[in-house]
Amino acid sequence: MAIKTEMLNGIAVVTIDNPPVNALSHGVRIALLDAVQSLDADANVAAIVVHGAGKLFVGGADITEFDRPVEQPGLPEVITAIERAHKPWIAAIHGVALGGGLELALGCHLRIAAPGTTLGLPEAGLGLIPGAGGTQRLPRLIGVEASIPIVTAQERVGVDKALKLGLIDRISTNELITDAVAFAHEAAGAPLPVPASQRAVIAPATEVWHDAEASTKRAAKGAAAQLLALGSLRFGIENGIEAGLANERAVFLKARASRESAALRYLFFAERAAPRPQDLRDIAPRPLRKIGVVGAGTMGVGITAALRNAHLPVVLVERDDASLARGFSNLEKIFGGAAAKGRLTQDEAQERMAGIEGGTDYRALADCDLVIEAVYEDLAVKQAAFAEIARVCRPDAILATNTSYTDPRQISEGIADTSRFVGMHFFSPAHVMKLLEIVPLPETKPDVLSTAFALARKLEKLPVRSGICDGFIGNRILRRYIAEAIALLADGVSISAIDAAMREFGFAMGPFEMQDMAGLDISYMRREAARANGQDIPEMPGDLLVRAGRKGQKTGGGWYDYAVGDRTPRPSDEALRVIAPMLGTPRDMNSREISARLVSTMADEGKSILSEGIASGPEQIDLVEVHGYGFPRWRGGPMFMASGLGKQND
Ligand code: T1G
């Protein structure tokens, strides 16, 4: 049953019970509307408390319904019925009240929340706007300026701020339902509060709207929903509640059918499925009590910080004291920085460091359950590290290599039992980036793989399984993307036009700016090593640039020139001179044509990755692109775009 009602001496307590997040599905809406009508007519009912079963109030409308036409009654109808009831409805909120959940609470006459509750309108994150009164009731309850960040930037509000704003009327001090029933008794004996929708609201000065529009546009980076939500809020303030509600619903329904919303809902579900692959759900992971990290360079430090943020004890091993000391100093900077920003208390920062046992003797790894090798990306160095690691670790310890493209089969060659071996490609900075490519060997045991995914969950990472190929999923697509950008140069399109087109598409930077930031010499050295190994790798403009000493930002110039201490890319005559033999006759190409060509190239490589079984589904590739390579989230990813999903609505 989606809701149940029980009587507590004259107060009807309505419990929404629709696991896992009490989403306001069609069944819940029907039951709620029935309850409003029947409880209003029941002479024994003085007031009503509505709350959510389980760990939260209501997580929102039911997103799984959004690919189908709206089934009546819609949420606005339910909320309006509550608001027009003759008896007071009190929302008793705990955990979260999000989206339609907060809108439901706004339709109630009063709101009481348990400590620790957060309230928000995250619809824009799904390419939507609040569609059941959120952009209209909220400003009439807490004012326009306080509403803007909640409606457009998905700002979550805690109970203290909510009380101060007037978003809630009380904070529960004991047991939430007991306090809510007492509150309901008080309300039953008093005149009905003026519903939020009927309250007067002061229109802000015009510059408030202009400033909000400018900042929302900047933050949206090309996505539409945030600005639509702001527009809906403003329309209702300037045209009154009835027109405002009607306009909001119309804008919501259009957004609900948009390609942007289809893309963001696609990612929402893909992100939640990724950490629990179907084929591993019944395979128990091994216990992880202590993790070893070998290498205290950038990656080893980032991985150690991520492990400590998950409260896992770490043994950090380096080859010598100086390198180890550098690693510890960098870890102190990470946690000290988090404490300075208030993300950690000083005690938490100290606890992070206290959980790291440092050493230069591999024998310190002896009782680790899993060891992550994070030494220099060189096959011989990695193999040497594993020779030591395998010698000192327990035979049941899982051995993992952090590698961004080296074949884990080669890295594990010297190990007797490779069934316990797995590749784990962390993205730098490893304590910040959520993406983790997990690369099993053919012989990796299922419970080893299940443990790698369990570790990813514990680190709150987004794990994507990759088969073995050069560059796995992300770097393989990146290499193809860069090659196509260089092909555009040969077609005569300019470096800056290509980068500008990809920024306009929604990337933070274009392919050439990005190479200058990463450094051109890393991929150059890989090409040179492959050439030395007899591979036929054609000359590339990047080779010419590196040989001319133009390695990117770090040398003051690569594809672009950079002034000292300034990362602003400036077109470079010197670079053009160096790569002149590889440039085509200058020609124009419009930015949409440039981005279409580069994104379709990414999708083509993705199709090959799928056909080779390197990735299990297109959504895996899109998760890699969105979470590891800056693909604009509101476009869903190259595979989503190539699929044409949601295209019919644009
Ligand atoms: N609808 C349907 N399913 C949902 C859902 C929702 N709103 N929210 C979560 N799920 C599923 C999710 O797919 C997963 O499924 C399971 O619940 C647990 O999710 C009209 C239009 C509420 C903070 O955007 O932020 O209201 O993988 O792992 O970590 O104006 O879920 O187990 O099969 O995230 O405890 C607005 C989205 C909707 C909130 C709980 N609401 N959800 O976090 O669990 S649009 C949102 C969340 C709307 C109105 C508009 C989180 C959570 P499975 P989980 P969690």
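The shown structure was predicted, so the numbers you read here are calculated from the model rather than taken from an experiment.

**Brief notes about the nonpolar core**
Right, so step 1: With 62 residues, the main nonpolar core has Ile3, Ile16, Leu32, Trp89, Leu104 and Leu167 as its most contacted residues.
Right, so step 2: With 7 residues, helix α1 (residues 26–41) is the single largest residue contributor to this core.
Right, so step 3: Ile486, Leu520, Met589 and Ile594 belong to the second largest nonpolar core, which has 56 residues in total.

**Remarks on the site of the ligand**
Right, so step 1: Lys55, Ala61, Glu103, Glu123 and Arg272 are the nearest of the 23 residues found near the ligand.
Right, so step 2: One nitrogen or oxygen atom from the main chain of Gly100 is found 2.8 Å from an oxygen atom belonging to the ligand.
Right, so step 3: When the ligand sits alone it has 1000 Å² of accessible area, and the protein chains cover 73% of it.
Right, so step 4: Elements represented by at least two residues in the shell around the ligand include exactly α3 (100–107) and α11 (259–273).
Right, so step 5: Considering each element in turn, the shell around the ligand owes the most residues, 3 residues, to α11.
Right, so step 6: Looking at the shell around the ligand residue by residue, the classes come out as 13 nonpolar, 5 polar and 5 charged.

**A few points about the UniProt feature "domain: 3-hydroxyacyl-CoA dehydrogenase C-terminal" (unreviewed entry) in the chain**
Right, so step 1: Per the UniProt annotation, the sites labelled "domain: 3-hydroxyacyl-CoA dehydrogenase C-terminal" (unreviewed entry) are residues 471–562.
Right, so step 2: Strand forms 2% of residues 471–562 and helix 61%; the C-alpha atoms that close the span are 29 Å apart.

**Topic: the packing of aromatic side chains**
Right, so step 1: As enumerated under the stated definition, the model contains 10 aromatic pairs in all.
Right, so step 2: Ring centres 5.7 Å apart and planes at 85° place the aromatic pair Phe427 and Tyr629 in the edge-to-face group. Of this pair, Phe427 sits in the loop between β15 (421–426) and β16 (435–440) while Tyr629 sits in the loop between α25 (618–628) and α26 (638–643), placing them 202 residues apart in sequence. Comparing Phe427 with Tyr629 shows no difference in burial state: the two are buried.
Right, so step 3: Taken together, the ring pairs connect Tyr481, Phe505, Phe507 and Phe631 into an aromatic cluster.
Right, so step 4: A cation sits over an aromatic face here: Arg272 above Phe268, 3.7 Å from the ring centre.
Right, so step 5: Directly above the aromatic system of Phe505 lies the positively charged group of Arg635, at a separation of 4.0 Å from the ring centroid.

Rules behind the numbers
- Numbering of residues starts from 1 in every chain and runs along the sequence as written.
- Under the rules for a predicted model, residues below a pLDDT of 70 receive no local features and side-chain atom pairs below 80 are neither given nor counted, while totals for whole chains, interfaces and linings still include all residues.
- Excluded from the side-chain calculations are hydrogens and water; all other atoms, namely the structure's heavy atoms, are used.
- What makes a nonpolar core is a set of buried Ala, Val, Leu, Ile, Met, Phe, Trp, Tyr and Cys residues whose side-chain atoms join them at distances within 4.5 Å.
- Partly exposed describes any residue whose relative accessible area lies between the buried limit of under 20% and the exposed limit of over 50%, with all areas from a 1.4 Å probe on protein chains only and scaled to the type maximum.
- A helix here means a DSSP run of H or I that spans at least four residues, while a strand means a run of E at least two residues long, and both kinds are numbered starting from the N terminus.
- Proximity is defined per residue: if any heavy atom of the residue lies within 4 Å of a molecule or strand, that residue is considered near it.
- In protein, a polar contact requires one atom able to donate a hydrogen and another able to accept it; more generally it is a pair of N or O atoms within 3.5 Å, and residues adjacent in sequence count only if both atoms are side-chain atoms.
- Accessible surface is estimated by sampling points in the Shrake-Rupley manner with a 1.4 Å probe; for residues, cover comes only from the protein chains shown.
- Polar here means any residue other than Ala, Val, Leu, Ile, Met, Phe, Trp, Tyr, Cys and Pro, which are nonpolar, and Asp, Glu, Lys and Arg, which are charged; Gly is therefore polar.
- UniProt positions are given in the numbering used here, feature names are shortened, and annotations may be inferred rather than shown by experiment.
- Within 6.5 Å between ring centres, the rings of Phe, Tyr and Trp (the latter by its six-membered ring) count as paired, and their orientation is classed by plane angle as stacked under 30 degrees, edge-to-face over 60, tilted in between.
- Two thresholds decide whether a charge sits over a ring: the Lys NZ or Arg CZ must be within 6 Å of the ring centre and within 35 degrees of the ring normal.

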